[in-house]
Amino acid sequence: KWEESGTFNQAAIEIGGKIHLLYRAASDGYVSTIGYASTSDGYSIDDRSPSPVYQPRDVFESRGCEDPRVVMIGNSLYMFYTAYDGITPRVAVTSISKDDFLSKRWNWTKSFVITPPFIADKDAAIFPEKINGKYLFIHRVDTVICGQYIDTLDFSKEKITECVEILEPRRGLWDEQKVGLSSPPIKTDKGWLMFYHGVSEHTNYRMGAVLLSKDNPTEVIARSAMPILEPFEEYERVGKVPNVVFPCGTVVRGDTIFIYYGAADSTIGVATVSLNTVLRSLI
């Protein structure tokens, strides 16, 4: 029953030649927990947890832990997710050691909610390495994608209080209502490649891409005019929330990007695209 109402919006990370997925599972009462699955070839599931590997532990997430993104820094994996208390969605974070994660010992550290109360905040992660000596936290406030530089990953002390605007909706286009981070940004020779979801006037969720400056990722170098991924298959068009593709995790293998996404808030899909093709479309 813990995943009876949907499995979707999953983080993805590759360690040791295996792709690990941490996915949102909605129960029959629509309270979300986090499940685990893995794949070696990128397409077929090799292993899947019989029960949640992370679930609500505090009042700020009493109604669900949603839409995780995962970044590995050193020997720790940091999971950023939307903590929902039934009133206001906020960003929370927990971490786990690489050894515990690979051994499936789900010894998550204490979770901290890090965005302000009474402000809806979602779609969060950090860049996977320091930028000019600081970590760059990225999130969505209202309809725009924001950033804030932080000094450490001690989230018992670090709190998010700023919204330096990085990306906003574009009137009259496919992303005119709101935009939000898809997966943690990918470092390339040309800059940081960031996928994002955009919502249209008719509430269709699609995915686009931006290229951010390598030295100052709050600066946009280029942005896709058209969506790279949009609802097409029946399982993307029909479901709990129709017409949705919602990526939360990407893995790069050579020139191929594996894009893992939630489809119609019901199931999980994967799409692949050439990294160089995406970059050429942006420069």
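Everything below is about the structure shown above.
Residues numbered from 1 in each chain as written. Predicted model: local features only at pLDDT ≥ 70, side-chain atom pairs only at ≥ 80, totals over all residues. Heavy atoms only, no water.

Some words on the side chain of Glu61
- Turning to its location among the elements, Glu61 is positioned in the loop between strand E4 (47–48) and strand E5 (64–73).
- For the buried Glu61, which has no salt bridge, the nearest side chain bearing the opposite charge is Arg57, at an N-O separation of 4.6 Å.
- When residues no more than four places from it in sequence are discounted, the contact partners of Glu61 are Tyr54, Gln55, Pro56, Tyr81, Ala83, Tyr84 and Ser111. (Helix = DSSP H or I, 4+ residues; strand = E, 2+ residues; numbered from the N terminus. Buried < 20%, exposed > 50% of the residue type's maximum accessible area, 1.4 Å probe, protein only. Lys, Arg positive; Asp, Glu negative; His and termini not counted. Salt bridge = Lys/Arg side-chain N within 4 Å of Asp/Glu carboxyl O. Contact = heavy atoms within 4.5 Å.)

Side note on the environment of Arg171
- Tracing the chain through its elements places Arg171 in the loop between strand E12 (164–167) and strand E13 (178–181).
- Spatially, the C-alpha atoms of Arg171 and Val113 are 32 Å apart, while their sequence positions differ by 58 residues.

Describing the sheet that holds strand E9 (residues 121–126)
- With antiparallel pairing, the four strands of this open sheet are ordered in space as E9-E10-E11-E12. Since the sheet does not close on itself, it has two edges, and those belong to E9 and E12, each with one partner. The sheet shows a mean angle of 30° between the axes of neighbouring strands, taken without regard to direction.
- Of the strand pairs in this sheet, E9 and strand E10 (residues 135–141) are connected by four bridges, and their pairing is antiparallel. Bridged to Lys122 within E10 is Arg140. (Pairing = 2+ DSSP bridges. Axes fitted to C-alpha atoms, helices over the stretch in contact; angles between N-to-C directions.)

A few points about the state of the cysteines
- Following the criterion strictly, the structure yields one disulfide and no others.
- Here Cys146 connects covalently by a disulfide to Cys163, the sulfurs 1.8 Å from one another. Of this pair, Cys146 sits in strand E11 (residues 144–150) while Cys163 sits in the loop between E11 and E12, placing them 17 residues apart in sequence.
- A residue is classified by how much of its surface remains accessible, and Cys146, at 0% relative accessible area, is buried.
- With no disulfide of its own, Cys65 lies 14 Å from the sulfur of Cys248, the closest cysteine sulfur. (Disulfide = S-S within 2.5 Å.)

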